[in-house]
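# Chain and residue survey
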Amino acid sequence: MTTQTPILVGDRTITAGEQRYVHLPLPHLYTHARISMPVYVMHGVQAGPRLFISAAIHGDEINGVEIIRRVLSTVDIKTFSGTLLAVPVVNVYGFLDKSRYLPDRRDLNRSFPGSEHGSMAAQLAHQFLHEVASLCTHGIDLHTAALGRNNFPQIRAHFKQDPELLSMAQAFNPPLILSTALREGSLREASFRRAIKVILYEAGEALRFGEEAIQIGVDGIFSVMRHLGMLPAIDTAVPKPEPLLSDSSAWVRAPQSGILHIKVGLGTQVMQGELLGHVADPFGAHLEKIYSPKNGLIIGVSTLPLVHEGEAIFHLAHLMQSDTIASAEPQHEIEPEPEPASL
C-alpha cells in the first residue's frame, strides 16, 4: 500500500502516522476573547479515504459531541488507513450558549458555502467547508431533532441521486434510511456540489444525551470506516437486521391549539386511520383526535405538551418495503414538508 503524503489543515502540516489537534481561528467574542474551532486530525500511515465527522452544527444538538468523543477514544492509528478529521463542535458560539443558532440568529446549516468576508454564519460555514470538508472524500454529519422534538435514529441521504450514499448509509446500519432532497445552504448540498459523499445521522433530542442514539452513532461510524477500508473488516457472529428504507416523509400537524396527549411512540409502525393522539383544551370542553393519514413509521414526535394549531407533532415516514398494512379513510391531512431541523 502507498504511504500517505502530508496533509495541511489550517496552518498545520500533519505527516503520515501523526495525530494532533488543530485550532481553526474564528471571529472573537465581543469581549475580545479568542475563540476557535477544534479539529482532531488522525493521518494514517497508509493512504486511503479522507473522512470528516462533524457535530453541533446546531449548537444545542449535543449527542454527536459524545459520539465523536467515544470514536476518538477507541480508534488506534496503528490499524488505521486514510485520514480522519473530527470536529465535535462546529458551531462553537451556539454550543457555548446552548442555542441552535449563531449569535446573529442565523442557522449555520442554511449558510453554506459561506463567505470569507460575510456574516458570522457565512464566515463559519466558509471556514468549515474549506478547511475541513473540502479536504475529504466522505463525511458523516451528526444531528438531533430541534428543541422540543425527538427523532428516531435514522440516516438521511440523497441516495436517489447518488447510489454510493445508499451504500454508506447501509454500512452505517441505522434502524431507518430516509431519502431526502438537498436543502439550499446546507452542508450536504455544498458537499454534493464538490463531489464529497456525505450522509447525515439524526437521533434523539436537543440538549440531551440519549444512550441508544449515541451507541448507534458510534457503531455506525466504525461500520462506515470499515466499509471504506479505513479499518480492518471484522467477522460478526450475529447478523444485524437490514435498515428500513423510506423515500418520503411528512408532518402531521395539530388540528387545534391545546394540550397534546400522544398515544404512539417513536419507531412505531402505524396504519392509515390509526389513532396517534389527541389535543384537548385546558378545560376539557373540546377534544380533537389525530389519526394517521397513511401507513408509515413514526420517526419524529413533539415532546412539548402545549401546542398551537398547525404545529408539527408527528413526523411520519413512508416505508418503501411495506405497503401491505390495511388502509382506512384518513381523518386529518398532512403537509409534505421535510423537518426544519437539520437536513
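Please refer to the structure higher up on the page.
Residues numbered from 1 in each chain as written. Predicted model: local features only at pLDDT ≥ 70, side-chain atom pairs only at ≥ 80, totals over all residues. Heavy atoms only, no water.

Attention shifts here to the pattern of salt bridges. In the structure shown here, the tally under the stated rule is 13 salt bridges. The partner of Glu-18 in a salt bridge is Arg-20, and the shortest N-O contact between them spans 3.6 Å. Given the relative accessible area of 24%, Glu-18 is considered partly exposed. Two residues, Glu-205 and Arg-208, come together in a salt bridge whose shortest N-O distance is 3.6 Å. Judged by its relative accessible area of 23%, Glu-205 falls in the partly exposed class. What you see here is one network of salt bridges that share partners, running through Glu-66, Arg-69, Arg-70 and Glu-211. (Salt bridge = Lys/Arg side-chain N within 4 Å of Asp/Glu carboxyl O. Buried < 20%, exposed > 50% of the residue type's maximum accessible area, 1.4 Å probe, protein only.)

Turning our eyes to something else, we now look at helix 4 (residues 163–172). When helix 4 is considered as a whole, its buried residues turn out to be Leu-165, Leu-166, Met-168, Ala-169, Ala-171 and Phe-172. Buried residues in helix 4 make contact with strand 7 (138–143), strand 8 (149–157), strand 9 (176–179), strand 10 (197–204), helix 6 (211–227) and strand 11 (244–253). Regarding helix 4, its N-cap is Asp-162, as a side-chain oxygen of that residue lies 3.1 Å from the backbone nitrogen of Glu-164 further along. A positive phi of about 60° marks Asn-173, the residue just after helix 4. (Helix = DSSP H or I, 4+ residues; strand = E, 2+ residues; numbered from the N terminus. Contact = heavy atoms within 4.5 Å. Polar contact = N/O pair within 3.5 Å; in protein donor to acceptor, adjacent residues only side chain to side chain.)

On to the packing of aromatic side chains, then. The relative placement of two aromatic rings is captured by the distance of their centres and the angle of their planes. Tallied over the entire structure, the rule returns four aromatic pairs. Centre to centre, the rings of Tyr-21 and Tyr-40 are 4.8 Å apart; their planes meet at 65°, and the pair counts as edge-to-face. Residue Tyr-21 is located in strand 3 (residues 18–26), and its partner Tyr-40 is located in strand 4 (residues 35–43); the two are separated by 19 residues in the primary sequence. Using a relative accessible area of 53% as the deciding quantity, one classes Tyr-21 as exposed. (Phe/Tyr/Trp six-rings, centres within 6.5 Å; stacked < 30°, edge-to-face > 60°.)

Next up on the list: helix 3 (residues 120–131). Compared with the 16 Å implied by 1.5 Å per residue over 12 residues, the 16 Å span of helix 3 between its first and last C-alpha is a close match. For helix 3, every residue scored as buried is listed here: Ala-121, Ala-122, Leu-124, Ala-125, His-126, Gln-127, Phe-128 and Leu-129. Packing partners of the buried residues in helix 3 comprise strand 3, strand 4, strand 5 (46–55), strand 6 (81–87), helix 2 (92–97) and helix 5 (187–193). (Expected span 1.5 Å × (residues − 1).)

For the pair helix 4 and helix 6, the least separation of the axes is 7 Å and the interaxial angle reads 130°. By the criterion of interaxial angle, the relationship of helix 4 to helix 6 is oblique. Handedness of the helix 4/helix 6 crossing: right-handed. Along the contact surface, helix 4 presents Ser-167, Met-168, Ala-171 and Phe-172, while helix 6 presents Ile-216, Gly-217, Gly-220, Ile-221, Ser-223, Val-224 and His-227. A per-class count over the contact of helix 4 with helix 6 returns six nonpolar, five polar and no charged. (Axes fitted to C-alpha atoms, helices over the stretch in contact; angles between N-to-C directions. Parallel < 35°, antiparallel > 145°, perpendicular 65-115°, else oblique. Left-handed = near helix turned anticlockwise from the far one by under 90°. Nonpolar A, V, L, I, M, F, W, Y, C, P; charged D, E, K, R; others polar.)

That bond from Phe-112 to Pro-113 is cis: its omega, 10°, falls within 30 degrees of zero. Within the secondary structure, Pro-113 sits in the loop between helix 2 and helix 3. Backbone geometry places Ala-56, a non-glycine residue, at a positive phi of 55°. The residue Ala-56 is located in the loop between strand 5 and helix 1 (63–72) in this model. Of the residues examined, Ala-56 reaches a relative accessible area of 0% and is grouped as buried. Phi angles above zero are rare outside glycine, and Asn-173 is one such case at about 60°. The topology assignment puts Asn-173 in the loop between helix 4 and strand 9.

All right, on to the side chain of Asp-60 then. Summarising the element assignment, Asp-60 is placed in the loop between strand 5 and helix 1. Buried charge without a partner: Asp-60 forms no salt bridge, and the closest opposite charge is Arg-100, 5.2 Å away. When sequence neighbours within four positions are dropped, the list of residues in contact with Asp-60 reads Lys-98, Ser-99, Arg-100, Leu-147, Ala-206 and Leu-207. (Lys, Arg positive; Asp, Glu negative; His and termini not counted.)

Between helix 1 and helix 6, whose axes approach to 9 Å, the crossing angle comes to 45°. Here helix 6 runs oblique to helix 1, going by the angle between their axes. In this structure, the crossing between helix 1 and helix 6 has a hand that is right-handed. For the pair helix 1 and helix 6, the contacting residues are Asn-63, Glu-66, Ile-67, Arg-70 and Val-71 in the first and Glu-211, Ala-213, Ile-214, Gln-215, Gly-217, Val-218, Ile-221 and Phe-222 in the second. Grouping the amino acids of the contact of helix 1 with helix 6 by side-chain chemistry returns seven nonpolar, three polar and three charged.

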